[in-house]
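A structural walkthrough
What follows is the residue order along each chain.
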Amino acid sequence: MNLPSLKGLRAVEAAARLGSFTKAAEELKVTQTAISRLVREVELFLGQSLFERHANALVLSEAGRAFGPRLSDVFRDLEAAVASLQRRPGGPAITVAVGPTFAMRWLIPKLPGFQRVHPRIEVRIVTATGDPAELRPDWTATIRLADGPGPGHDGRRLFTAALFPVAAPALAASLKQPRDLLRQTLLEVSHSPEDWPRWLKAAGLDPLKLRRRLSFDYSAFALQAALDGLGVALARAPYVADDLAAGRLVKPFDLVVAEESRGWFVIHRPGAERDAAFGAFLVWLESVVS
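**Digging into the packing of helix α1 (residues 6–18) against helix α2 (residues 21–28)**
It is the contact of α1 with α2, at a shortest axis distance of 8 Å, that shows an interaxial angle of 125 degrees. Taken together, the axes of α1 and α2 lie oblique to each other. Here α1 and α2 pass one another in a crossing that is right-handed. Of α2, the residues touching α1 (which contributes Arg10, Ala11, Ala14, Ala15, Arg17 and Leu18) are Phe21, Lys23, Ala24, Glu27 and Leu28. Of the residues in the contact of α1 with α2, the class split is seven nonpolar, no polar and four charged.

Here it is as structure tokens:
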């Protein structure tokens, strides 16, 4: 199971909030036809109508009334996260490339702490989804799940990459032992198809017997689905530490599958740590993970 396009979700949110395809088109600077098409694509994906279309009015359906405000909350959170990273020009700046899930589930929530200590240092976050050892010329550093820094780069390990299942509290209460997963939906990540089979084999289960699955593009989506009670996701500690501490997610089993060589590394060019701004960022990273 994938998610609708971000453009489509943005069109639905604007139309629901403004009560008009025309006003949504004006806000998003596209045509009304484009808004109508994007909304229809989301409705087809969901298998239900979000709007009741009348000659002179656009009315939210029951599903739309439930969905629209949640979308607005999500986009407000994204806008706030971006705004919190924006700083006035003139101060030193560093560019850090990270994977989408690491950015959403770990780095961005913690960055306000860095900005409070170093308000003049601008931290620019860019998304990296390719080779984890890649370090583009315009990047100061990258934080990626990798086997190490790679040739010609320096780096240090921040976290291990151990895997373990997590679920919402109500669902986790039904999981007394690993074989109870046979009655549950496993939440997979499409670019890491080996993760669940690895954990299930370590638990003594045949992966082929667990057929109820939902697939997502990124771990962040699978973890959100777990938070919403749709199934059981595999997690790595940095992604879910806050949710486990707050009781939003539960780790139902003690079994953890370690990956000895892999981990999250902050990767940079030799000597980059001598730059004052990046050096301060490295010191802060080590203080947060210690």
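**Observations concerning the pattern of salt bridges**
Throughout the structure, instances matching the rule amount to 18 salt bridges. For arginine 37, the salt bridge goes to glutamate 41, with nearest N and O atoms at 3.1 Å. With arginine 37 and glutamate 41 both in helix α3 (residues 32–46) and four residues apart, this pair spans about one turn of that helix. A salt bridge links arginine 156 to glutamate 286; the nearest nitrogen and oxygen atoms lie 2.5 Å apart. Here glutamate 286 lies in helix α10 (residues 276–289) and arginine 156 lies in strand β6 (residues 154–160), a separation of 130 residues in the sequence. Classification of arginine 156 by relative accessible area gives partly exposed; the value is 29%. It is possible to trace a salt-bridge network through shared partners that takes in Arg10, Glu13, Arg17 and Glu27.

Reading the values: rules and limits
- Residues numbered from 1 in each chain as written.
- Predicted model: local features only at pLDDT ≥ 70, side-chain atom pairs only at ≥ 80, totals over all residues.
- Heavy atoms only, no water.
- Axes fitted to C-alpha atoms, helices over the stretch in contact; angles between N-to-C directions.
- Helix = DSSP H or I, 4+ residues; strand = E, 2+ residues; numbered from the N terminus.
- Parallel < 35°, antiparallel > 145°, perpendicular 65-115°, else oblique.
- Left-handed = near helix turned anticlockwise from the far one by under 90°.
- Contact = heavy atoms within 4.5 Å.
- Nonpolar A, V, L, I, M, F, W, Y, C, P; charged D, E, K, R; others polar.
- Salt bridge = Lys/Arg side-chain N within 4 Å of Asp/Glu carboxyl O.
- Buried < 20%, exposed > 50% of the residue type's maximum accessible area, 1.4 Å probe, protein only.

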